[in-house]
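As a plain string of letters, each chain reads:
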Amino acid sequence: MTDAPEAGDSRTAELAGRLVVVRRRIEAAAAAAGREDRLPTLIVVTKFHPAADIRRLAALGVTDVGENRDQEAAAKAAELAECGLTWHFVGQLQTKKAKSVARYAAAVHSVDRPQLAEALAKAVSAARASTGRAPLDCFIQVSLEDDAGAHRGGAVPADVPRLAEQIAASDGLRLAGVMAVAPLGAGPEPAFEKLAGVSAQLVAEHPAATGISAGMSQDLEAAIKFGATHLRIGSDILGSRPAVG
Ligand SMILES: *Cc1c(COP(=O)(O)O)cnc(C)c1O
């Protein structure tokens, strides 16, 4: 490894400081919601940042990382295999990438259509046969836009029950819960409240599917208030994303 960080380097110190601030925000929001005993899982979204930063984060105790592009995620997961990290795929996913994602991801947070669930099931079954991987946790991404035409990925709430049935019935897939990105423009609280309602309906049919993946740098407090179990935090830990090269 050419980019192993020095324990005392200044970037590690910067990341450590930002992590402390974010962890304090999470603890304060959880305490305000009366759930300090059930802190959400922190997924650090490392897209566009180098593998060396992920190595620093792992040394600082981060266990879960998120990526939104298969090519970048696959390369980082291969380079960092010995770090023992749990990889979450959080971006829009083309069906043809399912096979690659199934090689490194423990969870996909952006399952939003039957074709993708089918492709993931097939890919995971193949990977299970050859490498014995664990089942893939699938979060159904829900669109919270009022204007269906404007929506940027995600199943509309009415389509969630059918997709959930399909995932629950698929070998190799585990229905984990729901995921959403708060729409631009409106405040995050009404959006996350709506997501909590979609989650409650899902859990009524699928009692184990209690996951709620919600909350980014700007809105993690609102997400925790409405029951988020998984936070996806990028820029407040890593700083602004470098320009795409
Ligand atoms: C980039 C990204 C995040 C992290 O966003 P920040 O605002 O940088 O915290 C979370 N979720 C998804 C789906 C993302 O693409």
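This structure is a prediction, so every number in the text was calculated from the model and none was measured.

(A) Main features of the overall build of the protein chain. Of the regular secondary structure elements, the protein chain holds nine helices and eight strands. A compact globule built from 245 residues should have a C-alpha radius of gyration of about 18 Å, and the protein chain, at 18 Å, falls within 12% of that. Dimensions of the protein chain, computed from C-alpha atoms along their principal axes, come out at roughly 50 × 45 × 35 Å. Per-residue burial for the protein chain yields a buried fraction of 49% across its 245 residues. In the protein chain, of all internal contacts separated by at least 6 residues, the share reaching a separation of at least 24 is 61%. About 11500 Å² of surface is accessible on the protein chain, with carbon and sulfur atoms providing 53% of the total. Distance between charge centres in the protein chain, computed from 27 positive and 29 negative side chains, equals 4 Å.

(B) Layout of the layout of surface pockets. Of the voids in this model, the second largest pocket is the one considered here, and its volume is about 250 Å³. Lining the second largest pocket are 16 residues; nearest its centre among them are Ala-102, Arg-103, Ala-127, Thr-131 and Arg-133. Of all elements in the fold, only helix H4 (98–104) and helix H5 (114–131) reach the threshold of two or more residues within the lining of the second largest pocket. It is H5 that contributes the most residues to the lining of the second largest pocket, five residues altogether.

(C) Summary view of the side chain of Asp-70. Residue placement: Asp-70 occurs in helix H3 (residues 70–79). Although buried, Asp-70 forms no salt bridge, and the nearest oppositely charged side chain, Lys-97, lies 4.8 Å from it.

(D) How the structure looks around the site of the ligand. Taken together, Val-45, Lys-47, Val-90, Met-179, Met-216, Ser-217, Arg-232, Ile-233, Gly-234, Ser-235 and Arg-241 make up all the residues around the ligand. Between the ligand and the protein, one listed contact pairs an oxygen atom with a side-chain N or O atom of Ser-217 at 2.5 Å. Measuring from a nitrogen atom of the ligand, one finds a side-chain N or O atom of Arg-232 at 2.9 Å. In isolation the ligand offers 390 Å² of accessible surface; the protein chains occlude 89% of this area. By residue class, the composition of the shell around the ligand is five nonpolar, three polar and three charged.

(E) Fine view of the side chain of Ser-143. Looking at where Ser-143 falls in the secondary structure, it is placed in the loop between strand S5 (136–141) and helix H6 (160–168). Of the polar contacts made by the side chain of Ser-143, one reaches the backbone nitrogen of Glu-145; its length is 3.5 Å.

(F) Structural context of the pattern of salt bridges. Enumeration over the complete set of coordinates arrives at 15 salt bridges. Its salt-bridge partner being Arg-18, residue Glu-14 comes within 3.5 Å of it at the nearest N-O pair. Pair noted here: Glu-14 and Arg-18 are both in helix H1 (residues 10–32), with a separation of four residues, about one helical turn. The exposure class assigned to Arg-18 is partly exposed, which follows from its relative accessible area of 30%. A salt bridge links Lys-225 to Glu-189, with the shortest nitrogen-to-oxygen separation between them at 3.0 Å. Linking Lys-225 in helix H8 (residues 220–225) with Glu-189 in helix H7 (residues 188–205), this pair joins segments that are 36 residues apart in sequence. Here the salt bridges share partners, and the residues they tie into one network are Asp-9, Arg-11, Glu-14, Arg-18, Asp-53 and Arg-56.

(G) Here's a closer look at the UniProt feature "modified residue: N6-(pyridoxal phosphate)lysine" (unreviewed entry) in the protein chain. The UniProt record annotates "modified residue: N6-(pyridoxal phosphate)lysine" (unreviewed entry) at Lys-47. For Lys-47, the location among the structural elements is in the loop between strand S1 (41–45) and helix H2 (51–59). Not counting the four nearest positions on each side in its chain, Lys-47 is found in contact with Gly-66, Glu-67, Asn-68, Glu-72, Lys-76 and Arg-241.

(H) Structural context of H2. Of all nine residues that make up H2, seven are buried, and the element is covered over most of its length. Looking at H2, one finds that the buried residues are Ala-51, Ala-52, Asp-53, Ile-54, Arg-55, Arg-56 and Leu-57. Here the buried face of H2 lies against H1, S1, strand S2 (64–67), H3, strand S3 (86–89) and helix H9 (235–238).

(I) Just unusual backbone geometry, in detail. Residues other than glycine seldom take positive phi values, yet Phe-48 does so here, at roughly 70 degrees. Position of Phe-48 among the secondary structure elements: in the loop between S1 and H2.

So, how was this worked out
Residues numbered from 1 in each chain as written. Predicted model: local features only at pLDDT ≥ 70, side-chain atom pairs only at ≥ 80, totals over all residues. Heavy atoms only, no water. Helix = DSSP H or I, 4+ residues; strand = E, 2+ residues; numbered from the N terminus. Rg over C-alpha atoms; globule rule 2.2 N^0.38 Å. Buried < 20%, exposed > 50% of the residue type's maximum accessible area, 1.4 Å probe, protein only. Contact = heavy atoms within 4.5 Å. Areas by Shrake-Rupley, 256 points an atom, 1.4 Å probe, with all protein chains shown as cover. Lys, Arg positive; Asp, Glu negative; His and termini not counted. Charge placed at Lys NZ, Arg CZ, Asp CG, Glu CD. 1 Å grid on protein atoms, 1.4 Å probe; cavity = no way out; pocket = protein on both sides within 12 Å on 5 of 7 lines; lining within 4 Å. Points joined across faces, edges and corners; volume = space filled by probe spheres on them. Salt bridge = Lys/Arg side-chain N within 4 Å of Asp/Glu carboxyl O. Near = heavy atom within 4 Å. Polar contact = N/O pair within 3.5 Å; in protein donor to acceptor, adjacent residues only side chain to side chain. Nonpolar A, V, L, I, M, F, W, Y, C, P; charged D, E, K, R; others polar. UniProt positions renumbered as here; feature names shortened; annotations may be inferred.

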